[in-house]
Amino acid sequence: MKMQAPPRRWLIYLAAAGPGLIAAAAGNDAGGIVTYSSAGAQFIYRTLFLMVLITVAYVIVQEMVARLATHTGKGLAALIREEFDLRLTAFAIANVGLMVTEFGGIATSFELFNVSRYISVPIAAVAIWSLVLFGSYRYAERIFLLLTVVFIAYPIAAVLAHPNWHEVAANTVWPHFVASKSFLLIAVALIGTTITPYIQLYEAGAVVDKGIKPEQYKFQRVDAIMGAVLAAIVAMSIIIATGATIGGTGPLTSATTAAEGLKPVAGAFATTLFGLGLLGASALAAAVVPLSTSYAIAEAIGVERSVSSSFRQAPVFLGIFTFQILIGAAVVLVPGNLITLILNTQVLEGVITPMTLILILVLANRRSLLGSAANGPVARWVGGLAIVAVAAVAAVYVVLTVLGWFGLV
C-alpha cells in the first residue's frame with residue numbers, strides 16, 4: 001500500500017496565508033497613500049528613518065496579534081473584554097470614522113476619471129456590501145488580495161524617479177528630523193496610518209475566522225511579518241517617489257498633485273494609474289475597516305461573527321457592517337475637499353493607536369493567557385520600547401496642541 005506523501009511546507013503556508021497580508025495591505029489605503037505622499041511632498045526623504053522605526057513597531061505588533069489570535073482562538077476585542085474591562089474596547093473600535101476616509105478615497109479616484117462621487121460612491125457601497133454578504137470568506141479574501149497587486153507600481157516608480165540614493169540611504173539609516181509642528185503632525189499621521197487599530201482588529205478576527213491552529217502558527221507568523229514588511233516597503237516607496245518628483249512643494253492639496261509621484265513609471269498615464277491604485281487601496285480597506293469593527297463589537301458582546309454566515313445567523317455582525325457602509329458612503333456625499341479630511345483622520349488614529357498597542361503588549365506578555373507562547377524577556381523589552389516610542393511621539397503632539405490652544409507655543 002502506497003503511503004500518502006506529507007504535505008509540502010509551502011502548501012501549508014498558503015493555507016495559513018491571508019489575514020496578515022490583507023490587513024497590512026489594507027493599511028496602505030486612501031489615508032496611507034495621501035499621508036505618505038504628503039510626507040514626500042513636504043519633507044522629501046526626511047521621514048524615512050521614522051518609517052524604519054515605525055516598521056519595527058509594526059512588525060512586532062502584527063506578530064503579537066497573530067500569536068494571540070492563533071493560540072487563544074479569540075479576536076482582539078474579545079480578549080480585551082475578558083482580560084480588562086469592556087469599556088476599554090472603545091479604544092479598539094474607534095476606527096468607525098475611517099469609513100469616511102475609505103469612501104473618500106473611492107470618490108477621489110473616480111473624480112480623477114471625471115465620474116461624480118454621487119454615482120461612484122453608491123455603486124461602490126453596494127458592490128462592497130454584496131461581496132461580503134453574499135460571498136464566502138475565502139472568496140472575499142482572494143478578491144482583497146487581488147486588489148493589492150496595484151501597489152507594485154510604487155516601488156517601480158521609486159526607482160524610475162531617479163532619486164538621490166545617497167540622500168535616501170542617509171535619511172533611512174540616520175534621523176534627519178525637522179524641529180517643527182508640521183513635521184510632528186506628519187509623524188503622528190504616519191504612525192496612525194501605518195499601525196492603525198483596525199489592522200490589528202481585522203487580522204485577529206480573520207485568523208480566528210479562518211480557523212488557524214497553534215500548530216500552524218509558524219506559518220501564520222510568516223504571513224503577519226511578511227505582510228507588515230511588504231506594506232512598509234510600499235509606504236517608503238511612495239515617500240521616495242513623491243519626494244523625488246514633487247519634494248519640497250508643501251502639503252498635498254489634491255489627488256492630481258499626489259499622482260505626480262507616479263509620472264516616472266506611467267508618464268502621461270500617471271493620473272490614471274494613481275486613480276486605479278487609489279481605487280484598489282480604498283476598496284480593499286472599505287471592506288476591511290468595517291469588518292474589523294464588526295469583529296470587535298460582535299466579540300465584545302459575544303455574538304456570532306463570520307463573513308461566511310448569513311444575515312439570519314449573524315445579524316449583529318453583518319448589521320454593524322452594513323451600518324458602517326451606509327454611514328461612510330453618506331458622509332462622503334456631502335460636498336467638500338477630502339484630502340485634508342483624510343490627513344486629519346490619520347492624525348487622530350496616531351493619537352489613539354498607542355492605547356491599543358499597550359493593551360496588545362500586556363496581553364502578549366501574560367503567561368496565564370498564552371502559556372509558553374507568551375512574550376519572552378527580549379520580546380517584552382523590544383516590544384515595550386517600540387510602543388513607548390510611538391506613544392511618546394503622539395503624547396508630544398497632544399501636549400503641543402493643547403498648549404497651542406492657550407497661545408503658549
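For the structure itself, consult the block above.
These figures come from a predicted structure and were not determined experimentally.

A. Spatial organisation of the nonpolar core. Judged by nonpolar contacts, the single largest core of 113 residues is most densely connected at Met51, Phe103, Phe274, Leu291, Phe317 and Ile360. Ranked by the residues each element gives to this core, the list is headed by helix H17 (residues 270–301), at 14 residues. Formed by five residues, the second largest nonpolar core is a distinct cluster that contains Leu184, Ala189, Val347 and Tyr397.

B. Unusual backbone geometry, seen in detail. Phi at Ile44 is positive, roughly 55°, even though this residue is not glycine. Tracing the backbone through its elements, the reader meets Ile44 in the loop between helix H3 (30–43) and helix H4 (48–72). Despite not being glycine, His162 shows a phi value in the positive range, around 50°. Within the secondary structure, His162 is located in the loop between helix H10 (153–160) and helix H11 (165–173).

C. Quick look at the packing of aromatic side chains. Using the criterion set out here, one finds four aromatic pairs in the structure. Between Trp129 and Phe134, the ring centres sit 5.5 Å apart and the planes meet at 85°, which makes this aromatic pair edge-to-face. Judged by relative accessible area, which is 63%, Phe134 ranks as exposed. With 5.6 Å between their ring centres and 45° between their planes, Phe177 and Phe183 make a pair best called tilted. By relative accessible area, Phe177 is classed as partly exposed at 42%. Put simply, the rings of Phe43, Phe49, Phe177 and Phe183 touch in pairs and so form one group of aromatic residues.

D. Examining the environment of Ala389 more closely. Structurally, the position occupied by Ala389 is in helix H21 (residues 377–405). Placed 35 residues apart in sequence, Ala389 and Pro354 show a C-alpha to C-alpha distance of 9.3 Å.

E. View of the pattern of salt bridges. For the coordinates displayed, the defined rule picks out six salt bridges. In this structure, Glu63 engages Arg221 in a salt bridge whose closest nitrogen and oxygen atoms are separated by 3.9 Å. Of the two residues, Glu63 is situated in helix H4 and Arg221 in helix H14 (residues 217–246); the sequence distance between them amounts to 158 residues. With a relative accessible area of 12%, Glu63 lands in the buried category. Judged by relative accessible area, Arg221 falls into the partly exposed class, the value being 40%. The closest approach of N and O atoms between Glu83 and Arg366, which form a salt bridge, is 2.8 Å. Placement of Glu83 in helix H5 (residues 76–83) and of Arg366 in the loop between helix H19 (338–365) and helix H20 (367–370) is noted, with a sequence separation of 283 residues between them.

F. A nonpolar patch on the surface, seen in detail. Taken together, the side chains of Leu146, Val149, Ile152, Ile156, Val159, Leu160 and Trp165 make up a nonpolar region of the molecular surface, amounting to roughly 680 Å² of accessible area. Looking at the nonpolar patch, the element that brings in the most residues is H10, giving three residues. With respect to the helices and strands, Ile156 occurs in helix H10. By relative accessible area, Ile156 is classed as partly exposed at 38%.

What counts and what doesn't
- Residues numbered from 1 in each chain as written.
- Predicted model: local features only at pLDDT ≥ 70, side-chain atom pairs only at ≥ 80, totals over all residues.
- Heavy atoms only, no water.
- Core = buried A, V, L, I, M, F, W, Y, C linked by side-chain atoms within 4.5 Å.
- Buried < 20%, exposed > 50% of the residue type's maximum accessible area, 1.4 Å probe, protein only.
- Helix = DSSP H or I, 4+ residues; strand = E, 2+ residues; numbered from the N terminus.
- Phe/Tyr/Trp six-rings, centres within 6.5 Å; stacked < 30°, edge-to-face > 60°.
- Salt bridge = Lys/Arg side-chain N within 4 Å of Asp/Glu carboxyl O.
- Patch = residues over 30% accessible without salt bridge, like charges linked within 9 Å, V, L, I, M, F, W, Y side chains within 5 Å.
- Areas by Shrake-Rupley, 256 points an atom, 1.4 Å probe, with all protein chains shown as cover.

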